[in-house]
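Breakdown of the fold
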Amino acid sequence: IIDGLTPDEIKELYPDEFARAEKNPYSHRYPRAESYHDLSLRLEPVILELEREASDVVVVGHSSVIRCLMAYLGGIAPQDIPSVPLRRGDVVQVTPSAYGVRMETHSFLP
């Protein structure tokens, strides 16, 4: 029911839901939606396959999916996934390094 709404529109139309999401953004489920926790669990098999891949991979996805992948690859705590910085039009380049990964964000929209 909130797909496509801005945060201000959600706050205006569904103030109780917005307040619950503000309290716990990682685990909160909007009606007929999934939480970041649900999504993280659903992405686990995909992440395992990505780790096994020897060649370059391009992932195109919704910002919530990309945030989950960035958090896992970057060693970011699950509770911090909703605050991973990512804007519409960003391309994130993840490069393995000796002690983890290096992430570079390239913005293509103003």
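Residues numbered from 1 in each chain as written. Predicted model: local features only at pLDDT ≥ 70, side-chain atom pairs only at ≥ 80, totals over all residues. Heavy atoms only, no water.

Approximately 220 Å³ is the volume found for the second largest pocket. Lining of the second largest pocket is provided by Tyr-26, Ser-40, Leu-41, Glu-44, Ile-47, Leu-48, Cys-68, Ala-71, Tyr-72, Ile-76, Pro-78 and Ile-81. When contributions to the lining of the second largest pocket are tallied by element, the ones reaching two or more residues are helix 3 (36-52) and helix 4 (63-74). For the lining of the second largest pocket, the leading source of residues is helix 3, giving five residues. (1 Å grid on protein atoms, 1.4 Å probe; cavity = no way out; pocket = protein on both sides within 12 Å on 5 of 7 lines; lining within 4 Å. Points joined across faces, edges and corners; volume = space filled by probe spheres on them. Helix = DSSP H or I, 4+ residues; strand = E, 2+ residues; numbered from the N terminus.)

Right, let's get into unusual backbone geometry. Its identity is not glycine, yet Arg-32 carries a phi of approximately 60°, on the positive side. Locating Arg-32 in the fold gives a position in the loop between helix 2 (15-23) and helix 3. We classify Arg-32 as exposed; its relative accessible area is 82%. (Buried < 20%, exposed > 50% of the residue type's maximum accessible area, 1.4 Å probe, protein only.)

This part covers the pairing of strand 2 (residues 100-107). Sheet analysis places strand 1 (residues 90-97) next to strand 2, joined by eight bridges and oriented antiparallel. Its bridge partner lying in strand 2, Asp-90 is registered against Ser-107. The antiparallel pairing of strand 1 with strand 2 creates a hairpin that spans two residues between the two strands. (Pairing = 2+ DSSP bridges.)

For the rest of this paragraph, the subject is a nonpolar patch on the surface. Taken together, the side chains of Tyr-72, Leu-73 and Val-94 present a nonpolar region at the surface, about 220 Å² in accessible area. Relative to the helices and strands, Tyr-72 is located in helix 4. Tyr-72 gets classed as partly exposed once you look at its relative accessible area, which sits at 40%. (Patch = residues over 30% accessible without salt bridge, like charges linked within 9 Å, V, L, I, M, F, W, Y side chains within 5 Å. Areas by Shrake-Rupley, 256 points an atom, 1.4 Å probe, with all protein chains shown as cover. Salt bridge = Lys/Arg side-chain N within 4 Å of Asp/Glu carboxyl O.)

Within the structure shown, the criterion is met by five salt bridges. A salt bridge links Arg-42 to Glu-34, with the shortest nitrogen-to-oxygen separation between them at 2.5 Å. For Glu-34, a relative accessible area of 38% gives the class partly exposed.

A word on the nonpolar core. Tyr-26, Tyr-36, Leu-39, Leu-43, Ile-47, Cys-68, Leu-69, Ala-71 and Ile-81 form the largest nonpolar core, which has nine residues in total. Where this core is concerned, the elements lending two or more residues are helix 3 and helix 4. By residue number, the principal contributor to this core is helix 3, which donates four residues. Excluding residues within four positions of it along the chain, Ala-71 makes contact with Ile-76 and Ile-81. (Core = buried A, V, L, I, M, F, W, Y, C linked by side-chain atoms within 4.5 Å. Contact = heavy atoms within 4.5 Å.)

Moving on: helix 3. Between its terminal C-alpha atoms helix 3 stretches 24 Å, which fits the 24 Å expected from 17 residues at 1.5 Å a residue. Where helix 3 bends most, the angle comes to about 45°, and this point is Glu-44, followed within four residues by the proline Pro-45. Within helix 3, burial applies to Tyr-36, Asp-38, Leu-39, Ser-40, Leu-43 and Ile-47. Buried positions along helix 3 lie against helix 4. (Expected span 1.5 Å × (residues − 1). Bend = angle between axes of the 7 residues up to and from the residue.)

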